[in-house]
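Inside the fold
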Amino acid sequence: MIVTRFAPSPTGTLHVGNVRTALLNWLLARKQGGRFILRLDDTDSARSTEAFAQSIRDDLAWLGMAPDAEEKQSARMARYEAVLGELAAAGHVYRAYETPEELDLKRKVLLGRGLPPVYDRAALTLTDADHARFESEGRKPHWRFRLSVDLPNQWDDLIRGECHIDAASLSDPVIRRADGSWLYMLPSVIDDVDMGVTHVVRGEDHVTNTGIQMQMFAAMGKPAPQFGHAALLTGADGALSKRLGSIGVSEFRDRGIEPIAVKALLARLGTSLPVEPVTSDAPLIEAFDIGHLGRATARFDEAELERLNASILHQTDHAAVAGRTSLSEPQWNAVRGNIATVADAEQWKLVFTGPIAPPDMPAEDMAFLAEAADVLESLSFGADSWSDLTKALQERTGRKGKALFMPLRRALIGRDQGPDMATMLPLIGRDQALQRLRG
Ligand code: GLU
């Protein structure tokens, strides 16, 4: 069974890039009937908060992507400690004592000699006596993972194809700080092993981490999940914009964007499939294939999201918005083609229930409207009233086209543009229509 996870740090709210990562993992799990886990990477206890964790849960729920399970790294510290012990016994991790200043100096010396600033592994030469001395001085070690050319360094990426890292050109990563806190790398691997994660989809900023983590899975004697690294999102202008880091669910919600519109756009950005105005998850899940993602950056265009939202609403059934609109089903069906957000639909409410502000009418139309009222009064009112009315008026007055329709439209709905009048007139009703035509 496929198991995917979305692993945000609860140190902030989700932005559109995170939402996309969550979506890709959710789609992958849903497509295969698998499980989707929310893993809160809260090892940074100073910056992680329950409020951010809750906002992440709320955002996923709003998006209709509630996880099948939730895990928290802060609850798993004992497990990380135990694995660290095993890895230490096998020589895959080691203690080091250099201060940040010492490490910085080493880097500068190497750079000054034109060499890559890779950690020299001086700590590997420490003897038991050295460790005892540091300890007696009250110095606490940090831990590094020992990269090795003997451990695997390549993987077949679900999106990028064959990938590898050159273990010899990288510093052994610090995995645990001297104060005992964990960096992201090793706990993530331990979690993926313990939680049976089979597929990890994340941003391409993690590619090097994956190479290092391949070595960690091997050091634990466990198979690695399959990895896919999605190209990053850019703004509409193709640039990596700061704004993308701040747009998230609360902004989508404030702007009247529907969750399905967010999903419909983000599921297809950067893929070979077109963005389509779907009204449910099913077609997105059905068509999803991680292999459709390309390596080029994907453009996130807010204007495109708004247009997509409108076209989705144009096809959205009343049942889907029933709790959020005061319009009846026939009223909703009449106006949904003319709205950009569900809230927009309320602007039509008074057109159905009255009163509306009497529109400005040129004097030459007043008599025409009075005549229209008389004609309407003489007709039997029903589904065909609009065509009956306009036909009769055309014959009687000789008006046609805009001169015929515009004054009627303006008097009946208070604006020059809007939904199909043939649908609107029966919903406005006979009495209200007569009243509006008579001004
Ligand atoms: N907490 C990490 C991040 O948000 C998780 C990366 C991963 O998916 O492994 O970048």
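Structural notes, computed from the coordinates.

**Side note on the packing of aromatic side chains**
- This model, assessed by the stated rule, comprises five aromatic pairs.
- For the pair Tyr 80 and Trp 182, a centre-to-centre distance of 5.8 Å together with 70° between the ring planes defines the contact as edge-to-face. With a gap of 102 residues between them, Tyr 80 in helix H3 (residues 77-89) and Trp 182 in the loop between strand E8 (174-176) and helix H6 (185-194) connect regions that are remote in the sequence. Like Trp 182, Tyr 80 is buried.
- Taking the ring centre of Phe 368 as reference, the NZ or CZ of Arg 399 above it sits at 4.2 Å.

**Brief notes about the site of the ligand**
- Around the ligand sit Arg 5, Ala 7, Ser 9, Asp 41, Tyr 184, Ser 188, Arg 202 and His 206, and those are all the residues in its vicinity.
- Interatomic distance of 2.7 Å between a side-chain N/O atom of Asp 41 and a nitrogen atom of the ligand.
- Between His 206 and the ligand, the recorded distance is 2.8 Å, taken from a side-chain N or O atom to an oxygen atom.
- Protein burial of the ligand: of its 300 Å² of free accessible surface, 78% is covered by the chains.
- Class assignment for the residues of the shell around the ligand results in two nonpolar, three polar and three charged.

**Overview of the side chain of His 92**
- Tracing the sequence through the fold places His 92 in the loop between H3 and strand E4 (93-96).
- Ignoring sequence-local partners within four residues, the contact set of His 92 consists of Leu 87, Arg 144, Phe 145, Arg 146, Leu 151 and Ala 219.

**Side note on the environment of Arg 177**
- The residue Arg 177 is located in the loop between E8 and H6 in this model.
- Along the sequence, Arg 177 and Lys 31 sit 146 residues apart, while their C-alpha atoms lie 39 Å from each other.
- Polar contacts involving the side chain of Arg 177 include one to the side chain of Ser 181, which spans 2.7 Å.

**Some details on the packing of helix H1 (residues 16-31) against helix H9 (residues 259-266)**
- At their nearest, the axes of H1 and H9 sit 10 Å apart, and the two run at 80° to each other. Between H1 and H9, the angle is such that the two are roughly perpendicular. Across the interface between the two elements, Val 16, Val 19, Arg 20, Leu 23 and Trp 26 from H1 touch Val 262, Lys 263 and Leu 266 from H9.
- Residue composition of the contact of H1 with H9, by class: six nonpolar, no polar and two charged.

Rules used in this analysis
Residues numbered from 1 in each chain as written. Predicted model: local features only at pLDDT ≥ 70, side-chain atom pairs only at ≥ 80, totals over all residues. Heavy atoms only, no water. Phe/Tyr/Trp six-rings, centres within 6.5 Å; stacked < 30°, edge-to-face > 60°. Helix = DSSP H or I, 4+ residues; strand = E, 2+ residues; numbered from the N terminus. Buried < 20%, exposed > 50% of the residue type's maximum accessible area, 1.4 Å probe, protein only. Lys NZ or Arg CZ within 6 Å of the ring centre and 35° of its normal. Near = heavy atom within 4 Å. Polar contact = N/O pair within 3.5 Å; in protein donor to acceptor, adjacent residues only side chain to side chain. Areas by Shrake-Rupley, 256 points an atom, 1.4 Å probe, with all protein chains shown as cover. Nonpolar A, V, L, I, M, F, W, Y, C, P; charged D, E, K, R; others polar. Contact = heavy atoms within 4.5 Å. Axes fitted to C-alpha atoms, helices over the stretch in contact; angles between N-to-C directions. Parallel < 35°, antiparallel > 145°, perpendicular 65-115°, else oblique.

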